[in-house]
Amino acid sequence: MAVPPRGWAPQADNVGVLSSPAFSPAEDNPPDAIVRVRGVSKTYAGGFQALKNVNLDIRRGEIFALLGPNGAGKTTLISVICGMTNATQGTVIADGFDTVRDYLLAAV
Ligand SMILES: Nc1ncnc2c1ncn2[C@@H]1O[C@H](COP(=O)(O)OP(=O)(O)OP(=O)(O)O)[C@@H](O)[C@H]1O
Ligand SMILES: [Mg+2]
């Protein structure tokens with residue numbers, strides 16, 4: 001499985017659905033990632049899918065740009081990472097803590 005190059009940002013494969021290449025744990029698992037997004041999908045209550053299997057790592061101290069056209073799902077993804085919106089699938093690990101299962105520890 002191809003590893004996204006550093007500086008890679010998710011792309012909207014069609015407007016309104018942010019997705020990314022599959023994650024390969026054996027090849028892309030930096031030990032210094034402060035945020036790990038794994039297989040995150042989000043379908044809103046009305047049935048609209050805004051995120052489709054998003055995978056990314058943000059390293060400690062890294063300046064990471066999330067780029068995409070209007071409606072691509074940037075705000076949805078940031079809301080999931082911050083715990084303001086629940087993902088339909090997938091996990092977000094912040095400093096080693098699952099933002100849903102260990103949300104209090106992840107928030108500190
Ligand atoms: N609460 C919601 N219920 C249903 N659909 C939503 C909801 N919030 C966002 N969407 C839809 O999900 C898609 C992604 O929206 P989002 O706001 O995450 O995109 P964005 O990349 O932040 O856009 P922008 O650049 O305009 O800020 C859009 O098609 C939007 O209409
Ligand atoms: Mg937005």
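Please read all numbers here as calculations on a predicted model, not as lab measurements. (Residues numbered from 1 in each chain as written. Chains lettered and ligands numbered in written order. Predicted model: local features only at pLDDT ≥ 70, side-chain atom pairs only at ≥ 80, totals over all residues.)

1. Concerning the overall build of the chain
Moving on, step 1. Counting its secondary structure elements, the chain contains two helices and six strands.
Moving on, step 2. When the 108 residues of the chain are sorted by exposure, 23% land in the buried category. (Helix = DSSP H or I, 4+ residues; strand = E, 2+ residues; numbered from the N terminus. Buried ≥ 20, exposed ≤ 12 C-beta atoms within 10 Å, placed from the backbone.)

2. Description of the nonpolar core
Moving on, step 1. Residues V37, V40, V54, V80 and V92 are the most contacted members of the largest nonpolar core, which totals 13 residues.
Moving on, step 2. Within the residue set of this core, elements represented by two or more residues are β3 (33-43), β4 (49-59), α1 (74-82) and β5 (89-94). (Core = buried A, V, L, I, M, F, W, Y, C linked by C-beta atoms within 7 Å.)

3. Re the site of ligand 1
Moving on, step 1. Around ligand 1, the structure places 13 residues, and the nearest of them are Y44, A50, K74, T75 and T76.
Moving on, step 2. With three residues, α1 is the single largest residue contributor to the shell around ligand 1.
Moving on, step 3. Among the residues forming the shell around ligand 1, the class breakdown is four nonpolar, eight polar and one charged. (Near = placed C-beta within 6 Å. Nonpolar A, V, L, I, M, F, W, Y, C, P; charged D, E, K, R; others polar.)

4. Quick word on the pairing of β5
Moving on, step 1. Two strands pair when backbone bridges link them, and β3 and β5 are joined in this way by five bridges, in the antiparallel orientation. Within the sheet, the bridge partner assigned to R38 lies in β5 and is T91.
Moving on, step 2. Relative to strand β6 (residues 97-98), β5 is paired through two bridges, and the arrangement is antiparallel. What sits directly across from A94, in β6, is F97.
Moving on, step 3. Here β5 hands over to β6 after two residues, with D95 in that stretch at a positive phi of 50 degrees. (Pairing = 2+ DSSP bridges.)

5. Description of the environment of V37
Moving on, step 1. Note on placement: V37 falls in strand β3.
Moving on, step 2. Along the chain, V37 and G90 lie 53 residues apart, while their C-alpha atoms are 7.7 Å from each other.
Moving on, step 3. Excluding residues that lie within four positions of it along the chain, V37 makes contacts with V54, N55, L56, I81 and V92. (Contact = placed C-beta atoms within 7 Å.)

6. So, unusual backbone geometry
Moving on, step 1. Positive phi outside glycine occurs at N53, with the angle close to 50 degrees.
Moving on, step 2. Note that N53 resides in strand β4.
Moving on, step 3. Located in the positive-phi region is D95, a residue other than glycine, with phi close to 50 degrees.
Moving on, step 4. Structurally, D95 is set in the loop between β5 and β6.

7. Focus on α1
In an α-helix, one full turn covers 3.6 residues, which means residues spaced three or four apart are oriented alike.
Moving on, step 1. Along α1, the residues that are buried comprise T76, L77, V80 and I81. Down the axis of α1, the smallest arc covering the buried residues is 135 degrees, so these residues share one side. (Arc of directions from axis to C-beta.)

8. Topic: the pairing of β3
Moving on, step 1. When β3 meets β4, the two strands line up antiparallel, connected through seven bridges. Across the sheet, the residue bridging to A33 is R59, located in β4.
Moving on, step 2. Between the antiparallel neighbours β3 and β4 lie five residues, among them G47 with a positive phi of about 105 degrees.

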